[in-house]
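# Observations on chain architecture
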Amino acid sequence: MSPEGRAPAQAAPPRILPMGERGLLIELRSVAEVHRVHAALADSAPSGPVDLVPAARTILVRLGPGSLSLHAARDWIADTATRARDAVIAPPPETPVVLELVYDGPDLAETAALVGLSADALAARHEAARWRVAFTGFAPGFAYLTSEDWGLDIPRLASPRTRVPAGAVGLAGEFSGAYPRETPGGWRLIGTTSAPLFDPAAAEPVLLAPGRQVRFARVRSVIRASVRPRPPEPSSDPLLRVIEPGLLTTVQDLGRPGRAAQGIAPSGALDRGALCLALRLVGTAEDAAGLEVTMGGLRAVALRDTWVAQTGAEAFLTIAGRPAPTGAAARWRAGETLEVGWARDGARIYLALRGGIDAPRAAGSRATDRLAGLGLAPLAAGDVLGGAGQERAPIPPVDQAPPRPVSAEAEIALAPGPRADWFAPAAALALYGSVWRVTNDADRVGMRLEGPELERAVHRELPSEPMVPGALQVPPSGRPTILLADGPVTGGYPVIAVATEESLDTLAQLRPGSRIRFRHARPAG
C-alpha cells in the first residue's frame with residue numbers, strides 16, 4: 001500500500017492495433033521498450049506459428065494457421081507487454097558482433113559539423129558507443145542500430161543518393177546502419193565495412209538479427225570484395241531451355257514466410273492459388289517451384305519428355321504449334337517448342353512442370369525477389385532450367401480445372417489497418433465509395449492506385465512500422481499504394497487498411513488500367 005493507503009496504480013496496457021486478418025501491432029514508447037517487449041514475447045510465444053517483427057516504436061505479431069485466435073493473442077500480448085515494458089531486465093551475457101570500420105565516408109565531415117564536432121570526434125563517439133539491433137528492414141540484412149551512448153539526431157540527406165555501395169555505414173535520426181548490398185539511400189555515409197551482412201545461402205542469412213549487440217572497431221582499410229551471385233550449378237536433369245523470356249518470367253514458389261524480422265519479404269508467387277493449382281495438375285508438391293510469366297510471350301524448348309500445366313491469366317498456349325489446354329496437364333515432348341501467348345485477361349500466367357523447377361535456394365526458397373535481389377535473375381534467352389524431382393502423385397484424372405471468372409471491376413476485401421484513425425472521416429467514405437484505377441506503377445513490389453485523395457487527420461511523421469503484403473500505405477499524395485509479395489517489410493507511411501489474403505490472388509491478376517472497388521472484409525468466424 002502507498003502512504004496514502006492506496007494500492008499503486010497498475011501500468012496501463014500498451015495500445016494494440018489491428019493489422020489485417022491475422023496481425024496485431026503493439027504501440028510502444030521507445031526503442032528500449034521494443035527491445036524488452038520483443039524479448040518477452042519471444043520467450044513466452046505459444047505453440048503454433050507466430051511471427052514477431054520489431055520496428056522503431058512498434059512490434060507486429062502475425063499469427064499463422066493453427067496459432068492463437070486474435071482474441072487470445074490480444075490477452076497474451078497485453079499481459080506480456082505490460083509486465084515487460086517497464087521491467088528492468090539484465091541482458092544475458094553476450095559477445096557482441098564486431099564490425100571493422102574505416103571512417104572514410106563522403107558525409108563524415110559535413111555530418112560532424114552539423115552536430116558541432118570534428119570528423120575525428122564523431123568517429124570516436126560512434127566507435128565507443130555500444131550498439132544494439134533495434135529492427136531490420138529496407139533490405140535483407142539492413143539493421144537499424146541504436147545506442148543509449150549515442151545521443152545524436154542526424155538529419156537524412158535532402159536528396160537521397162541513387163547508388164549507395166554495399167558495406168557503406170551511415171547515420172539517420174537516432175540510428176546507425178550498414179548497407180548489405182548496393183541500393184539507393186538517404187542516410188549520411190560515414191564509413192565502410194567489409195562484414196558479410198547478408199548471405200542468402202547460409203542457414204542464418206542475416207548477421208545482425210534484432211536484439212544483437214554490435215560494436216564498431218576502427219581500422220585503416222578494408223578489403224572491398226566484389227560480391228557477385230554465384231551461377232547455379234548445371235542441373236543433372238535439364239528440363240527446358242528458354243528461347244524468348246517474354247516481358248518478365250521468374251521462378252516462384254510459395255516464398256519465404258516468417259522471415260520479416262530479418263528484413264526478408266515473403267516474396268513467392270503473387271497468385272498463390274494459380275501456382276498451387278498448376279502444380280497439382282501435374283502431380284507435383286505444392287511447395288515446388290514453377291514459372292510466373294507476366295503478360296505472356298515466353299517461348300521454350302523441352303530438353304526431355306515432361307508434363308506441363310498452365311493456369312492464372314487467360315493466354316493462348318501452344319506446344320509444337322498445336323493448341324494446348326489451359327488449366328489441364330499436357331504432354332510436352334523433348335525437342336518441342338512451347339509458346340505462351342499474350343494474356344487476354346489477367347496479368348500473370350503460371351506454368352508448372354512435373355516435378356517442379358530446380359533453382360538455388362536463397363533463405364529457404366527458390367523464389368525470385370527482385371527488390372531484395374534473392375533467387376535467380378529473371379529468365380533470359382538461353383537459360384537452361386532443370387527438374388527438382390518433387391513428383392508426389394500421378395497426373396490427376398481431371399480433364400480441366402474450372403476457369404476463374406474475370407470481372408471488369410475487381411472487388412477487394414479490406415480488413416482493418418492500424419492507422420485508420422490518422423485519416424479524416426471523409427477518407428473512409430472515399431476509400432469504400434470510389435472506383436480506383438491501377439496505374440502504370442505496378443509490379444511485384446506493389447501497385448499505386450489512382451482515385452480521390454484520402455484526407456489525413458494526423459500529419460506528423462510516422463516512425464518505421466512493420467508491413468505486410470496487402471497493406472494500403474498512404475503517402476503524402478493521399479493516394480494509396482498496395483504492397484505485394486516483394487514489398488518492403490517496414491515502411492513509414494500510415495496503413496489505412498489491409499487486403500485479405502484471399503484478395504491477394506485477385507490483385508496479382510490486375511494490370512494497369514484495371515478498376516477496383518473496396519469492401520469491408522467479413523469478420524472471421
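So, how was this worked out
- Residues numbered from 1 in each chain as written.
- Predicted model: local features only at pLDDT ≥ 70, side-chain atom pairs only at ≥ 80, totals over all residues.
- Heavy atoms only, no water.
- Pairing = 2+ DSSP bridges.
- Helix = DSSP H or I, 4+ residues; strand = E, 2+ residues; numbered from the N terminus.
- Axes fitted to C-alpha atoms, helices over the stretch in contact; angles between N-to-C directions.
- Contact = heavy atoms within 4.5 Å.
- Core = buried A, V, L, I, M, F, W, Y, C linked by side-chain atoms within 4.5 Å.
- Buried < 20%, exposed > 50% of the residue type's maximum accessible area, 1.4 Å probe, protein only.
- Phe/Tyr/Trp six-rings, centres within 6.5 Å; stacked < 30°, edge-to-face > 60°.
- Salt bridge = Lys/Arg side-chain N within 4 Å of Asp/Glu carboxyl O.
- Polar contact = N/O pair within 3.5 Å; in protein donor to acceptor, adjacent residues only side chain to side chain.
- Parallel < 35°, antiparallel > 145°, perpendicular 65-115°, else oblique.
- Left-handed = near helix turned anticlockwise from the far one by under 90°.
- Nonpolar A, V, L, I, M, F, W, Y, C, P; charged D, E, K, R; others polar.
- pLDDT = per-residue confidence, 0-100.

### Quick notes on the sheet that holds strand E33 (residues 495-499)
Strand order in the closed barrel formed by seven strands is E26-E33-E30-E31-E28-E27-E34, and the pairing between neighbours is mixed. For this sheet, the mean angle separating the axes of adjacent strands, direction not counted, is 40 degrees. Bridge count for strand E30 (residues 471-473) against E33 is three bridges, and the pairing is antiparallel. Along E33, the bridge assignment pairs Leu472 with Ala497. The sheet strands contacting helix H6 (residues 425-433) are strand E26 (409-416), strand E27 (436-442), E30, E33 and strand E34 (515-520), and the helix crosses E34 at an angle near 125 degrees. Running over the sheet, helix H7 (residues 501-508) touches E26, strand E28 (446-450), strand E31 (481-483), E33 and E34 and is turned about 145 degrees from E26.

### Some thoughts on unusual backbone geometry
The phi dihedral of Met295 is positive, around 70 degrees, even though this residue is not glycine. With respect to the helices and strands, Met295 occurs in the loop between strand E16 (290-294) and strand E17 (298-302).

### Description of the nonpolar core
Counting residues in each nonpolar core, the largest one holds 42 residues, and the members touching the most others are Leu431, Leu454, Ile496, Leu507, Ile516 and Phe518. Per-element accounting of this core gives the leading share, five residues, to helix H5 (residues 272-281). For Leu454, the residues in contact, after removing those within four places along its chain, are Phe423, Ala427, Ala430, Leu431, Trp436, Val474, Gly478, Pro480 and Ile496. Grouped together as the second largest cluster of nonpolar side chains are 29 residues, Ala300, Ile349, Leu376 and Leu385 included.

### Structural notes on the pairing of strand E7 (residues 143-146)
Burial of E7 is two-sided: the residues Ala143 and Leu145 facing one way and the residues Tyr144 and Thr146 facing the other way are all buried. Alignment of strand E6 (residues 131-136) against E7, held across four bridges, turns out to be antiparallel. Looking at the pairing, Val133 lines up with Leu145 of E7. Taking the residues between adjacent antiparallel strands as the criterion, E6 and E7 are bridged by six residues, where Phe138 takes a positive phi near 70 degrees.

### Considering the sheet that holds strand E2 (residues 23-27)
Spatial strand order, E1-E2-E4-E3: four strands in an open sheet with antiparallel pairing. At either end of the open sheet lies a strand with only one pairing partner, and these are strand E1 (15-18) and strand E3 (50-54). Recorded for the sheet is a direction-independent mean angle of 20 degrees between the axes of neighbouring strands. Contacts from helix H1 (residues 31-44) reach E2, E3 and strand E4 (58-63), with the element oriented near 20 degrees to E4.

### Some points on the packing of aromatic side chains
Any aromatic ring pair is given by two values, namely how distant the centres are and how the planes are angled relative to each other. This model, assessed by the stated rule, comprises twelve aromatic pairs. On the basis of an interplanar angle of 75 degrees and a centroid distance of 5.2 Å, the ring pair of Phe138 and Phe142 is categorised as edge-to-face. The partly exposed category is assigned to Phe138, whose relative accessible area is 36%. For the pair Tyr144 and Phe175, a centre-to-centre distance of 5.5 Å together with 85 degrees between the ring planes defines the contact as edge-to-face.

### Considering the pattern of salt bridges
Enumeration according to the criterion identifies 28 salt bridges in this entry. Where Arg15 meets Asp421, a salt bridge forms, and the shortest distance between an N and an O atom there is 2.5 Å. Placement of Arg15 in strand E1 and of Asp421 in the loop between E26 and H6 is noted, with a sequence separation of 406 residues between them. Of the residues examined, Arg15 reaches a relative accessible area of 38% and is grouped as partly exposed.

### Quick notes on the environment of Arg188
With respect to the helices and strands, Arg188 occurs in strand E12 (residues 188-192). Taking the relative accessible area as the measure of exposure, Arg188 reaches 7% and is therefore buried. Linking Arg188 and Ala309, residues 121 residues apart in sequence, is a C-alpha distance of 50 Å. Only 3.5 Å separates the side chain of Arg188 from the side chain of Glu110, close enough to count as a polar contact.

### Describing the packing of H1 against helix H2 (residues 70-85)
To characterise two packed helices, one gives the angle between the axes of the helices and the distance between these axes. Where H1 contacts H2, the axes come no closer than 9 Å and their chain directions differ by 130 degrees. Between H1 and H2, the interaxial angle falls into the category oblique. For the pair H1 and H2, the sense of crossing is right-handed. Judged by residue contacts, Glu33, Arg36, Val37, Ala40, Leu41 and Ser44 of H1 engage Trp76, Ile77, Thr80, Ala81, Ala84 and Arg85 from H2. A class-by-class count of the residues in the contact of H1 with H2 yields seven nonpolar, two polar and three charged.

### Quick look at H5
By the burial criterion, the buried members of H5 are Ala274, Leu275, Cys276, Ala278, Leu279 and Leu281. Where H5 is buried, its residues contact strand E15 (248-252), E16, strand E18 (306-314), strand E21 (329-332) and strand E23 (345-353). Once H5 ends, the next one or two residues include Gly283, with phi positive near 65 degrees.

### What to know about the confidence of the model for the protein
Averaged over all residues, the pLDDT of the protein equals 91, while 93% of them reach at least 70. Long-range and interchain partners of residues 1-9, a stretch whose pLDDT sits below 50, account for two contacts in this model, where long-range means more than four residues apart. In this model, residues 225-230 is a region of pLDDT below 50 whose contacts with residues beyond four sequence positions or in other chains number two contacts.

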